[in-house]
Every structure is written in C-alpha cells, then in structure tokens.
Amino acid sequence: MRPFIKHKIAIFSPQGFIDGNNAPSFITLEDIKFCASREIDAALISLSKVVHFNKNGISSLVQILEEIRGKRAITIGFCDYRLKHFENFKKIFNENIPFCLFDTQKVANLFVGVIQAEVGSKVLLFAKEKTQKNSIAFELHKRGLKAIMAKDEEEFEKIKSEDMDGREFYTYAKMIYIGSFQDKIASNVHGNLIIYNVADYIDNSVNERFDIVFHKNSLNVGFKFFVFECKDVCSVNIHGVNFFSKLSVAAAEYGGTIALCGLKSNAITESFRSELEDAGVLFFSSLEKLLEDKETLEEYSGGAAINKKSSKTLNKTLISKLPIFINSAIYTMKIITNIEPKKSSLKISTLEIEEREEKLLSTSMGFYGDIDGMMVLIFTQNVAKEACKIFLGDEIKSQSELIDGLSEFANIIAGRSKTTLSQQKCNISLTLPRTFENIKDLTKNLEGKKGAFVQLDFGDTPFYLFLTR
Amino acid sequence: MVDSNKIEELLSSIPPLPKTLQMVIKALNSDDLTKAAKITQEDHALTFYLKKLVNKPYFGFGSQVENITQIYGALGVLRAKQVINSYMISLILPRSWVLFDLSKEGFEDLQISTIEAWEAILIKLEIKDWEISLSSTMLPASIIVCERLFGEYENELRILKEQRFITADKILKNRTGEGFFDIAIKIAKLWMMPQKSIDILESSSIKESRERHKKEIVQISKYLHLLFFHITSKPKFIRAKLNDIIDLDIEFIEDVEDRFYEIAKELD
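The structure displayed is predicted, hence computed values, not measured ones.

What about the overall build of chain B?
- Looking only at helices and strands, one finds 16 helices and zero strands in chain B.
- Its C-alpha radius of gyration of 18 Å places chain B within 12% of the 18 Å reference for a compact globule of 268 residues.
- For chain B, the C-alpha atoms occupy an extent of roughly 55 × 40 × 35 Å along the three principal directions.
- Relative to its full complement of 268 residues, chain B shows a buried share of 60%.
- Taking the contacts inside chain B whose residues are at least 6 apart along the sequence as the reference set, 71% of them involve residues at least 24 apart.
- Here chain B has roughly 11600 Å² of accessible surface; of this, 49% comes from carbon and sulfur atoms.
- Computing the positive centroid from 36 side-chain charges and the negative centroid from 41, chain B places the two 3 Å apart.

Brief notes about the interface of chain B and chain A
- If you look at the interface, chain B gives 34 residues, while chain A gives 35 residues.
- Between chain B and chain A the total buried area reaches about 3200 Å² when both faces are included, carbon and sulfur atoms providing 56% of it.
- Contact with chain A buries surface across chain B, with Gln163(B), Arg164(B) and Phe165(B) losing the most and accounting together for 22% of the total.
- Linking chain B with chain A are six salt bridges, by the criterion used here.
- Linking Lys84(A) and Asp258(B) is a salt bridge whose minimum nitrogen-to-oxygen distance equals 3.6 Å.
- Where the side of chain B that touches chain A is concerned, the elements lending two or more residues are helix H9 (154-163), helix H10 (168-176), helix H13 (215-231), helix H14 (235-239), helix H15 (250-253) and helix H16 (257-267) of chain B.
- No other element matches H9(B), which puts six residues into the side of chain B that touches chain A.
- Classifying every residue of the side of chain B that touches chain A gives 16 nonpolar, six polar and twelve charged.

Here's the deal with helix H10 (residues 238-253) of chain A
Residues and elements named next belong to chain A.
- Across its 16 residues, H10 extends 23 Å between first and last C-alpha, which sits within 8% of the 22 Å expected from 1.5 Å per residue.
- Close packing links the buried residues of H10 with strand E13 (193-202), helix H8 (206-209), helix H9 (212-220), strand E14 (225-236), strand E15 (257-261) and helix H11 (270-278).
- Of the residues that open H10, the one with a side-chain oxygen 2.9 Å from the backbone nitrogen of His 239 is Asn 237.
- One or two residues past the end of H10 sits Gly 255, with phi positive at roughly 80°.

A few points about the domain arrangement of chain B
Residue and element names in this part refer to chain B.
- By domain assignment, chain B separates into domain 1 (19-82) and domain 2 (91-267).
- Spacing between the C-alpha centres of domain 1 and domain 2 amounts to 25 Å.
- Contact residues are listed per partner, giving 13 residues for domain 1 and 13 residues for domain 2.
- When domain 1 packs against domain 2, the two sides together hide about 1300 Å² of surface, and 61% of this comes from carbon and sulfur.
- Between Glu 108 and Lys 52 there is a salt bridge, with its nearest N and O atoms 3.6 Å apart.
- For the pair domain 1 and domain 2, the interface holds three residue pairs in polar contact (both at pLDDT 80 or more).

Comments concerning the sheet that holds strand E9 (residues 122-125) of chain A
Residues and elements named next belong to chain A.
- Spatially, three strands are ordered E10-E9-E11 in an open sheet, and the strand pairing comes out parallel. Each edge of the open sheet is held by one strand with a lone partner, namely strand E10 (146-149) and strand E11 (171-173). For this sheet, the mean inter-axis angle between neighbouring strands, taken without regard to orientation, is 25°.
- Relative to E11, E9 runs parallel, the two sharing three bridges. Bridge pairing in E11 links Val 123 to Thr 171.
- Against the sheet, helix H6 (residues 130-142) touches E9 and E10, its axis set at about 155° to E10.
- Against the sheet, helix H7 (residues 153-162) touches E9, E10 and E11, its axis set at about 140° to E9.

Conventions and cut-offs
Residues numbered from 1 in each chain as written. Chains lettered and ligands numbered in written order. Predicted model: local features only at pLDDT ≥ 70, side-chain atom pairs only at ≥ 80, totals over all residues. Heavy atoms only, no water. Helix = DSSP H or I, 4+ residues; strand = E, 2+ residues; numbered from the N terminus. Rg over C-alpha atoms; globule rule 2.2 N^0.38 Å. Buried < 20%, exposed > 50% of the residue type's maximum accessible area, 1.4 Å probe, protein only. Contact = heavy atoms within 4.5 Å. Areas by Shrake-Rupley, 256 points an atom, 1.4 Å probe, with all protein chains shown as cover. Lys, Arg positive; Asp, Glu negative; His and termini not counted. Charge placed at Lys NZ, Arg CZ, Asp CG, Glu CD. Buried area = accessible area lost by both parts, 1.4 Å probe. Salt bridge = Lys/Arg side-chain N within 4 Å of Asp/Glu carboxyl O. Nonpolar A, V, L, I, M, F, W, Y, C, P; charged D, E, K, R; others polar. Expected span 1.5 Å × (residues − 1). Polar contact = N/O pair within 3.5 Å; in protein donor to acceptor, adjacent residues only side chain to side chain. Domains from an automatic or database assignment. Pairing = 2+ DSSP bridges. Axes fitted to C-alpha atoms, helices over the stretch in contact; angles between N-to-C directions.

Laid out in structure tokens, this is it:
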C-alpha cells in the first residue's frame, strides 16, 4: 500500500482489520523503500478506516515504521483513531508508547512536517498525564502555537462546543501522546514568510536538525524572508553563528534575508552578534512585533530585491522543455475532467494578468536539477473547482479545501513533467507546491521575471501556465 | 478517465441471464434439485463450473463429485443458489486483470471466502433466509466492475492516489455520481436477483439509500459492509490490492463492530 505524502508527512491508510498476519501485507518492503527515498519528516498510519487492531498487528506495524525510521530520521506514529483505539494503544504498550499518537492528521501537522497553522494559532488540548501535558505544550510553544489546556475532559468538550465556527481554535486534541519524537527544527509558512522555531542551545547539532533541502526549495520557489523564532534559545555558540552566517550568505544570492527574533541579550555575545549583523542577519525584539510590522514584512518578503540568482533569465534549455510542461498540463486536465484544453496563445513576457470579476487562484512549484525553474498555474475559481472535482466532488466545503486540491493538481502536472523529462535523461527534483489565494501576491512575487506565458482554453474559460526561472 | 458513457458501455455489455440459468433458478426456487440438475446438464459451461467449484476443499466432499444430480444433492438448495449466483458473476469477468493481482482462480477463491464467511455470520446471527444469504454473492461483483471501469486507467488511478487517500469508488462517484455498488445493483436487477438481497446490498454500500430501507435490512447490511473489509483485510487480498477500492463507513457500522469482530475471530 503506497502512502500519500502531504506537507512532508507520509500517511498509510489501511482499511478493515489489522492483525499479526496481515500487517506486513499493508506496508511492504517496496513501501518502506519508497518512504526512505522521500524527503519526509514523519511516517504515520491513519486508523480512520480501521475497525479493529490487536496487539500483534499493531506491534508488526510499529516494527515496520521503525524500519523506515532506521533508514531516515523521522517521527513515526498513528493518527485519525477513535477513543477505543487510543485506550487500546495505552493498554498494549502499558502507558509507555514508543511512538506518537495524534488525534487527526491536522493535529499531527502541528508537530511534524511543514506546519500549516499560522504562528500564534490556538490549539485546545486535554491530556491526563502531567508529563504529556508539559511536553505537548512545550512542543507547541516551540512552534509558535498557543496550547490552551482544558483541566478535564468536560471542560474540553464545553470549550470546543462554544467554538462552533472554529474561529477561536485552529484545532482540538484530546487523544494525543508524544512518544519518541524526532527533534527537528519546525517550520511554518506564514504568508510570504517562513518561520523556523528553535529553542535551547544553537550549537553543532543545529545542522542535523535543520532541513536544508526544504530551506533551499523555499528559496527556489521565491520565499525571501526567513525568520528564526529564538525566544526560547538560551545560548548560541560559534557553530550556531557559523550556521546563521552561512544561511544568510546563501539566502542573499536569491535576494533573501535571515532574521532572528526574540533572542535574549545573554544568549549571544556582543562579538557574535556583530559577526551575524555583518553577515546580513537581522535582529528583531520579538516575532509578535515583527508580524505586526507590515512595512518591514513587506520590505523583506515582498520580492523587491533583485539579485544574482533571481535575475536568472529564461534560457534555451528551459524553453526547449516547455512543450513537456504544456502537454502535462493538457493531459492531466483532460484525464481529470475529460475535457481537453486547447493551447490558445504563448508569449515570452513577464507575468501580467488582469484581476477578473471571478477570483483567480494560483499555485507554483519549483524544480531543480539538470534544469531549474518554476512552474506556475493560474485558474479561475470555476476551472479550479473542475480540476479538483475528482478529489472533492461537487460540494467543496471551504476555500482551503479547494486550495489543497489545487496543490495536488499541480503535483500531478509537475510529477508527470518530471517523469517525461527523466525519459529524456533530464532529471529534476520538485519543491512543495505553494498556493496563492490572491493573484497580487503571485505577481508581486514574480515581479520583473520573464517567462513563457501560455494560455490554455478550457471550454470557454482560460487557465494559464507560466514557466520561468 | 472513466465517465458515465463508460458505465453505460459496461452495462450494455452485461449479458441477460441465459435461458438455462433462468430455468435452473426457477427450479431451485421451487426446491426441485432434480429438475435443476437436469437443466444444468444442457449447459456445458455451467456443468464444468459446478464440477470445478464444488470439488474445492471448502465444500469438503472428500472424493471427487462428478455427477450433476449428486452435486446438487450435496449442495442443497441454498448453497446451490449461491453457487449459481457466483457462476452468473463469473460470466462478466474481465478478460485479464490489470488493476488487481487476481486470476480466475483467485477470484473464485474470493467468491468462496465471501460466501463461507457470510454463511457463518448468518448462523451466528440466527438468520435463516435464503434471500439474505444470496446478498453476499454480489460483493465480488463490485471488484469486477472496478477492474472493468478502471483497468485501462491504472496509471492515472495510481497518480491520483499518491495525492491523498481516495478510493476508486470515490473517484467514480465524484466523476459520475455512481459508485461500484450502484452498478453492481443494476446488474443484480438485470439478473432478477431477489429484492431483499438487492436491498441489503444497497443499504450496505449506498449511504443515501438507507433511509428507504427497513431497520432490520439496514442492520444486517452493516454486517455485509464489514464482511467486505473482513475479506479484503486478508493478506492475499491486500496483496491483490483489494483493500482500498471502496470506503469503509465507520459511523455506519459502529454499533455492530464489536459483535462482528467476535464472530470474525471465530471464523479465523
């Protein structure tokens, strides 16, 4: 059973009954190899469709997950279970669970993968054990999230029921257990900003805990402002200084900036601080204040800086591969909707697109390797709905569901392009998709960049593909 | 990708129930096994199927049974009806299996496992109703429908499933408004299966239909829903990729799952 991967979390979804006999058939050696070859932070098994599991079954699955963890330093565990399953876990493992348990995939993403919750989001929680309570709150705090702990289950349900529209809390968790946990530096995407949450000592270990591939990918897809939330950092040594300096110099090549927020004066020496400032690292008193300072955010994340890497121009090699991206988009749209889009125009220009009556949504994915660049797809709301209908059906519950569907759609097109390119011995890697609900954010991000701008007509409505570097 | 036209195409390729089979069913409905055997002998394909199937270990006939009258006698009316239904389903087998790692024999194994488990469940539930017994024979038909509709889109299906957990049944519903069981039920109606069997099958798999059915039908259909996942949780059928073709509806089965599990443990 192949897992699907979302926000750097691999999720397996078995259905029915799990026992010692069938567990190894759910996750095979091939699946283990697949996971080990992917840039993931966690491998979880969703139990949302599991009726029953026994001790042998769950132990086998844990062994398999541990095998994946042996090949790649990741967090492992289960999610989407019911209360009876949660109780069963505690019974089987005698309250000493060597993995993580997350009520839902949304809860899991508060702790692992690329965090989708905005900094400052509130999470309602209930945990019986004090040590669990503390470690959950601490981990969330490290990630810039606010844990609101209910004193008992009754209070939890009461507060939850008062938040009917889900405006106050990002999510809720009352069957959570943080077992063995890979201490990676958590990353949140906050609008045009990437926030990394660090704590304790910034020393040599930071290089192992920091996901440099994700960071480079973010630079590749056009993120420019990278902020380290340092309020819980107690000390930065010479290795930490080198780490930040190197990041800053590398980011500068893309017009990017590194900033440290909330770093206490006693956590870094004056000379180290000057060294970092000389390397272009910015210091802010607190993340909260920075997030309120729209002008500064605009200045550093708005994409005004033109620099060596971002001034890369469209070249012949990339243009020669353009048909592959166009054909992938046409083929995917045809497969998914049964309507074949027609290419109606192609021009080399900057991204100029007028706001229409209907809202435009877009998604971009970077690629790097034998060729590098960025593929951008722009849809009207209606075309986006058609493209996502295969996943979401006719009833799309929320805008975020649609945006999620669009990322998946972009993944398919980019994945198909990647396969076709590899058949021509041109190997690329893909970044995570980035979506824009507001077309202005996209145009601003790509301001001044020339690319191949392709209009594809889907029935009476166009959608666009923009390929740039 | 699969669309409503493809469903129409599939349905129009389903043969009507052959005359011989109609007559065999009529004889079985009148509990006339001798007449059923006599008619069966005129149909070589059916005769061959019966001989092959009933000599499998599940039926436990010790020595080879070759004589059709003996076969019917050994099967009894209820099992004979189940076997005839399984034969009807085998008439719509795909030419080759692409989506699933199955063969003709593997599919027969699936059919027998389903019938066997359902029979044991009904005994435990103290239900003696041949129309209810027959309802499980159409479960494997949904797998044939899936293979025949999605077989040529194996690659596309794989790509879609890499993005999120989505079953082929859900994809079909999102695209056409119909799922595998909607189609299996149309086939069952075409083959004039008993109404109660159809109702149970419908309630087990089509959420929207449950309000229409009697409470007892809905209750039994929960066991049938679980049966599908009990069978497709077996290692050989997980390996055949049958575990994630339709969605398990946990809310639907919640009140019977413990009872089902107790029964299933005994079955295993």
